[in-house]
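# Geometric and topological summary
Chain by chain, the residues run as shown.
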Amino acid sequence: MGESLHDPWNAVDKPFLMPVCDIFPLRQGRAVMFTGAIERGHVHTGDTVEFVGLGSGGCALVTEIDARGTRVDEAGVGMNVGLVLRGAEAGGGERGQVLAAPGSVGAHAHFTAEIELLPEEEGGRDIVTGSRLLFHTYTAALRGTVTLPQGLDALRPHGRATVTVALDQPLALEEGRPFAFRHYGRAAGSGIVTRLLEQ
């Protein structure tokens, strides 16, 4: 696994994706601004974007792009922007979802992952099958249950293993997506999605 846990995820030439950070209703609810940092691709005024994750979906139209107080027609990887969206789905958006090019990323609750625990002095604790962890990816923080591989009683601090994860709700996920997790309220380790599972 090694350095693969820390590979950069930004990509200019991939379909647009922006994790939702904050949400601001505008114009008596007729439009909503979603803020965040664009992780990949580009978005233009007039584009349709899709809400992915946390059990809700749907699409909305980008009517304005705000880049630090300046209205622009296009924004790309690394920019912190506010996207003003119009459409029936815009009012149901929430932090932890992503906005993405329609059909470019799916929502999943079950996956396998290669994880690495922190050393005990940095917060790592034993993990067993059935452990409940708080997973962090994009702007989402969501609990899930871990299943260790057959024959492994417990994963010890500083250990690595390929595990199966069942999240409480689907999140926008792709193979290769990095994440961090907490155990009993403390940072406990990191991982990378290795395979998406259909359940």
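Residues numbered from 1 in each chain as written. Predicted model: local features only at pLDDT ≥ 70, side-chain atom pairs only at ≥ 80, totals over all residues. Heavy atoms only, no water.

## Topic: the overall build of the protein chain
Of regular secondary structure, the protein chain possesses 0 helices and 18 strands. In terms of C-alpha radius of gyration, the protein chain reaches 18 Å, essentially the compact-globule figure of 16 Å for 199 residues. Based on the C-alpha atoms only, the size of the protein chain along its principal axes is roughly 55 × 30 × 30 Å. A buried classification covers 45% of the 199 residues belonging to the protein chain. Each charge class in the protein chain can be summarised by its mean position, and for the 17 positive and 24 negative side chains these summaries are 5 Å apart. (Helix = DSSP H or I, 4+ residues; strand = E, 2+ residues; numbered from the N terminus. Rg over C-alpha atoms; globule rule 2.2 N^0.38 Å. Buried < 20%, exposed > 50% of the residue type's maximum accessible area, 1.4 Å probe, protein only. Lys, Arg positive; Asp, Glu negative; His and termini not counted. Charge placed at Lys NZ, Arg CZ, Asp CG, Glu CD.)

## Focus: the sheet that holds strand β17 (residues 178-183)
Read around the closed barrel, 6 strands run β11-β16-β14-β13-β17-β18, paired in antiparallel fashion. Across this sheet, the average inter-strand angle for adjacent strands is 40°, counted without regard to direction. (Pairing = 2+ DSSP bridges. Axes fitted to C-alpha atoms, helices over the stretch in contact; angles between N-to-C directions.)

## Quick notes on the pairing of strand β3 (residues 31-37)
The two faces of the sheet receive side chains in turn, since in a regular strand these alternate between them. Buried residues dominate β3, accounting for 6 of its 7 residues. Two strands pair when backbone bridges link them, and strand β2 (residues 22-26) and β3 are joined in this way by 5 bridges, in the antiparallel orientation. Across the sheet, residue I23 finds its bridge partner in β3, namely F34. One ladder, built from 6 bridges, connects β3 with strand β9 (residues 80-86); its direction is antiparallel. Of the residues in β9, the one forming a bridge with V32 is L85.

## Side note on the confidence of the model for the protein chain
The share of residues in the protein chain with pLDDT of 70 or more is 91%, and the mean pLDDT across the chain is 90. Residue range residues 1-10 is modelled with pLDDT below 50. Its contacts to residues more than four positions away, or to other chains, number 22 contacts. (pLDDT = per-residue confidence, 0-100. Contact = heavy atoms within 4.5 Å.)

## Points about the nonpolar core
Counting 24 residues, the largest nonpolar core has F111, I127, F135, V146, L167, F179 and F181 as its most contacted members. Of all the elements, strand β16 (residues 160-173) adds the most residues to this core, at 6 residues. Once residues within four sequence positions are removed from consideration, F111 is found in contact with V163, T164, V165, L167, L173, F179, V193, R195, L196 and L197. V20, A60, I65 and A75 belong to the second-largest nonpolar core, a separate cluster that totals 18 residues. (Core = buried A, V, L, I, M, F, W, Y, C linked by side-chain atoms within 4.5 Å.)

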